[in-house]
Amino acid sequence: MAQSIYDMVTSEAIAAYYETLYSNEIPMIGETLFPNRKKQGLRLEWIKGYDSLPVALNPSAFDAKPPLRDRGNISIEQTEMPFFREAMRIGEYDRQQLLMFMESNQDSYAREIITRLFDDGTNLINGAKLIPEIMRCKLITDGKFTIQSQNTTGQNALYDYNYDPKGDWASKNTITLSGTDKWSDHENSNPIADSMEVIREAGRRGITITRAIMGYDTWLDIVQNEKIRQDMTITAIGANNIIVTDNMVMSYITNKTGISLQVYDKMYKDWSGDEQYFYPTHGNITFLPAGTLGSTWYGTTPEEADLMSGNTDANVSIVNTGIAILTKKESLPVNVITSVSEIVLPSFENMNRVFNIKY
C-alpha cells in the first residue's frame, strides 16, 4: 500500500474507481435522447426549425433561371455553455487515521478510509451528471430552464436559458387540458382520445410519434381512468373477475395508440437538500419520435485546458466525455483537494418534433 496520501488519491485513481463502479449503470433517459458530445471552448451553435411540412417545388418555364428558395423558419442558435465546479478536501485528520490503521496492520480499516475518500470524488461526479439531466428534462417539457447556485462564497451564478423565446413551440406543440378534460378527473377525461389528437397532429406535419414519457402520478391518473378500465374489462375474457395491472394498461395503450410508454420517476437532491423529480411527476406527458432529439455538449473546462499539460501540484482526468476531475496537493496543512467541474449544455435540434399534454 502506498505510504503517501498524495500517491493514493489522484485524479487517475478516482476516475478509474468511478468507471469501475458505474460501468454497468443504466443511462438516465436524457442521455439516450441527447447523447454526449465534446467540443472545444464554451460556445455552442445549432440549427433549429419549427416547420416539418415539405414545400411544393415552384413551377418554372424552360430556359428560365430557378428562383432561390428561402430556408423558412430556421434559425442558428448561439449561446455560451454554463460552468459548474465544486470541491471536497481530504484533510490531516483523514491522513492520521489512515496512518494509524496502516501502522497497526489493519488493512481492512485502511481500505475503508481510502474507499470513503474515493467516494467523495464519485459523489461530485454524480452531482455533475445530474446537471445535464435537469436541463434535458426541463427542455422537453418547457423548452427552458433556470439554474441558480447557492450563494455560499459571495459569488452567485445564475444561468437562464430559453429555447423558445417567442413561444412558437409551446403554442404549436402543447395541448393544455382544463376542467373535466384533465386526466386527474378519472371519470370524465379521455387520455386515449387526447393522445390520438397529438399523434394525428404530429402525423399531419410528417412526424411519427413512437413513444411517450410521463411521471408516476400522471401514470396513476391513466391507470385509474374509468374509460380505459371499462374498455379493458369489456374486451377481456372473464371481465367480472379481472384485476387491472400496470402491464395490462401499458399493453392496452400501445395497442390503441401504437406508442410505447415510459414512466420516469427518478429523483435527485437540489442544492438546498430538497428532493426533486427530474421529470414532472404529475400533469405532463411528452410525446417523442424515434431517434435522438439533440446532443449534450461538453465544453473544455479550465482544468482540462490549462492543467492537463503537466502542472506540478495538480493532475486532471476526464470521465463521461467532459467531466474534469482535478486533485491538487497542499503542503501546509497537509490536504488533497478533489475538484470536479464541467461546462455543459444540450442542443435541441429536433425541438419541433416534441409534443406535450399538460393539465
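Residues numbered from 1 in each chain as written. Predicted model: local features only at pLDDT ≥ 70, side-chain atom pairs only at ≥ 80, totals over all residues. Heavy atoms only, no water.

### Notes on the environment of Thr281
Part 1 of the reasoning: Structurally, Thr281 can be placed in the loop between strand S11 (275-277) and strand S12 (284-289).
Part 2 of the reasoning: Remark: the alpha-carbon pair of Thr281 and Met267, spanning 14 residues in sequence, is separated by 9.9 Å.
Part 3 of the reasoning: Those residues in contact with Thr281 that sit more than four places away from it in its chain are Gly215, Tyr216, Asp217 and Thr218. (Helix = DSSP H or I, 4+ residues; strand = E, 2+ residues; numbered from the N terminus. Contact = heavy atoms within 4.5 Å.)

### A few points about the layout of surface pockets
Part 1 of the reasoning: Of the volumes computed, that of the second largest pocket is approximately 270 Å³.
Part 2 of the reasoning: Contributing to the lining of the second largest pocket are 17 residues, with Ile134, Lys138, Phe145, Thr146 and Tyr268 lying nearest its centre.
Part 3 of the reasoning: Elements with a minimum of two residues in the lining of the second largest pocket: helix H5 (107-142), strand S5 (144-148) and S11. (1 Å grid on protein atoms, 1.4 Å probe; cavity = no way out; pocket = protein on both sides within 12 Å on 5 of 7 lines; lining within 4 Å. Points joined across faces, edges and corners; volume = space filled by probe spheres on them.)

### Some points on helix H2 (residues 11-21)
Helical geometry: 3.6 residues make up each α-helical turn, so side chains three or four residues apart lie on a common side.
Part 1 of the reasoning: Among all positions in H2, only Ser11, Ile14, Ala15 and Tyr18 are buried. Down the axis, H2 shows its buried residues gathered within 100° of arc, on one side only. (Buried < 20%, exposed > 50% of the residue type's maximum accessible area, 1.4 Å probe, protein only. Arc of directions from axis to C-beta.)

### A short note on the side chain of Asn284
Part 1 of the reasoning: Assignment of secondary structure puts Asn284 in strand S12.
Part 2 of the reasoning: On the basis of relative accessible area, Asn284 is assigned to the buried category, the value being 3%.
Part 3 of the reasoning: Within the local environment of Asn284, its side chain forms a polar contact with the side chain of Tyr279, the two groups lying 3.0 Å apart.
Part 4 of the reasoning: Here the side chain of Asn284 touches Thr286 through a polar contact of 3.5 Å, side chain to side chain.
Part 5 of the reasoning: Among residues more than four places away in sequence, those in contact with Asn284 are Thr141, Ile213, Met214, Gly215, Thr218, Tyr279, Asn356, Ile357, Lys358 and Tyr359. (Polar contact = N/O pair within 3.5 Å; in protein donor to acceptor, adjacent residues only side chain to side chain.)

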